[in-house]
Amino acid sequence: PDGRAVQTVAIMISASGDDVEESIANTTKPLYTTSSDLELGSDYENDYKQIIGLRFPQVRVPTGVTVTSAFVRFYVDAVGSCCNESFSVTMTMQRSADATAFNGQPKQYLKSIFENSSTSAKTTYMPPVDTEVHVPRDTPDLKQMVQEIVDLPGWAPGNAMAVLFGNPTGTSDAHSREYESFEGEPTMAPSLVVFFCGDTSANATAKNFRAAASSAFALWSSIFVGVCIA
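Residues numbered from 1 in each chain as written. Predicted model: local features only at pLDDT ≥ 70, side-chain atom pairs only at ≥ 80, totals over all residues. Heavy atoms only, no water.

Looking now at the confidence of the model for the protein. Summarising the model, the protein shows a mean pLDDT of 88, and 86% of its residues fall at 70 or more. Between residues 201-223, whose pLDDT stays under 50, and residues either more than four places distant or in other chains, the model counts 42 contacts. (pLDDT = per-residue confidence, 0-100. Contact = heavy atoms within 4.5 Å.)

So, on to the environment of Lys49. Tracing the backbone through its elements, the reader meets Lys49 in strand 5 (residues 48-59). For Lys49 and Asp173, which are 124 residues apart along the polypeptide, the C-alpha to C-alpha distance reads 8.7 Å. If near-sequence neighbours (up to four positions away) are discounted, Lys49 is found in contact with Glu22, Ser23, Ile24, Ala25, Gly41, Ser42, Pro168, Thr169 and Gly170. (Helix = DSSP H or I, 4+ residues; strand = E, 2+ residues; numbered from the N terminus.)

We now examine the pattern of salt bridges. For the structure shown, the criterion picks out four salt bridges. A salt bridge links Arg55 to Asp18; the shortest N-O distance between them is 3.6 Å. One end of the pair, Arg55, is in strand 5; the other, Asp18, is in the loop between strand 1 (7-12) and strand 2 (19-23), and 37 residues separate them in sequence. Accessibility expressed as a relative area gives 14% for Arg55, which makes it buried. Where Asp130 meets Arg137, a salt bridge forms, and the shortest distance between an N and an O atom there is 2.8 Å. (Salt bridge = Lys/Arg side-chain N within 4 Å of Asp/Glu carboxyl O. Buried < 20%, exposed > 50% of the residue type's maximum accessible area, 1.4 Å probe, protein only.)

All right, on to the state of the cysteines then. Under the counting rule described, the total for this entry stands at two disulfides. Each bonded cysteine in the protein gets a number by its place in the sequence, and the pairs come out as 1-2, 3-4. (Disulfide = S-S within 2.5 Å.)

Turning our attention to the environment of Ser86. For Ser86, the location among the structural elements is in the loop between strand 6 (66-78) and strand 7 (89-93). For Ser86, a relative accessible area of 55% puts it in the exposed group.

Attention now moves to the pairing of strand 6. Strand 6 sits mainly inside the fold: ten of its 13 residues count as buried. In this sheet, strand 12 (residues 191-197) lies alongside strand 6 in antiparallel orientation, the contact comprising seven bridges. Residue pairing for strand 12: Val67 is matched across the bridge by Phe196. For strand 6 and strand 11 (residues 177-180), the ladder comprises two bridges, and the chain directions are antiparallel. Among the inter-strand pairings, Val76 is bridged to a residue of strand 11, identified as Tyr179. (Pairing = 2+ DSSP bridges.)

Tallied over the entire structure, the rule returns four aromatic pairs. Geometrically, the ring pair formed by Phe71 and Phe195 is tilted, given 6.4 Å between the ring centres and 45° between the ring planes. Of this pair, Phe71 sits in strand 6 while Phe195 is found in strand 12, placing the two residues 124 residues apart along the sequence. For Phe71, a relative accessible area of 11% puts it in the buried group. Overall, the relative accessible area of 3% leaves Phe195 in the buried class. (Phe/Tyr/Trp six-rings, centres within 6.5 Å; stacked < 30°, edge-to-face > 60°.)

The following block contains the structure:
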């Protein structure tokens, strides 16, 4: 270890339209930008299989760093027969140095990103069955995807990143997991958490958390301790 602490950036979605759902089956539907919750996998109100898109603005990760870990944190919105069957989704990110806002985009926008302009790094995720509401649920590690974005020409601290969850394997409403959205519970909206080593000029530490997220992140802020490797 070289004695430097691992730096942390956390960004909670704080605007309507940055956490969206898109029907896979019904190509005539526009992006659903005002849902009171997010169904990962399947939603009968959106013709079942769907893609989830999460856009995180102001990601203050400097250029030239090494990403050591990254994940999305959801908070559970519902449990039980609504969402207790096994399924998987593919996690990826938009391969863009500054992800464009979802609002105002054409139909099947997320599908186009997922199929044509996503990172080469992807992860298959089989979300565990949740048994308690308003508790955190963290995704598998996204560090390779985030690193791919940070390494793009044009990336700068404060640009936006977008995470996508697509290609669901389930066929019924129970093949889903229900998480809080900004519209439904702003203090429990999805968050992107990134740990990295390298340039600290962006002052990218835990104190950069959005004020509204401070209590939500209390659950994890004390569990990570580490130093960078020279």
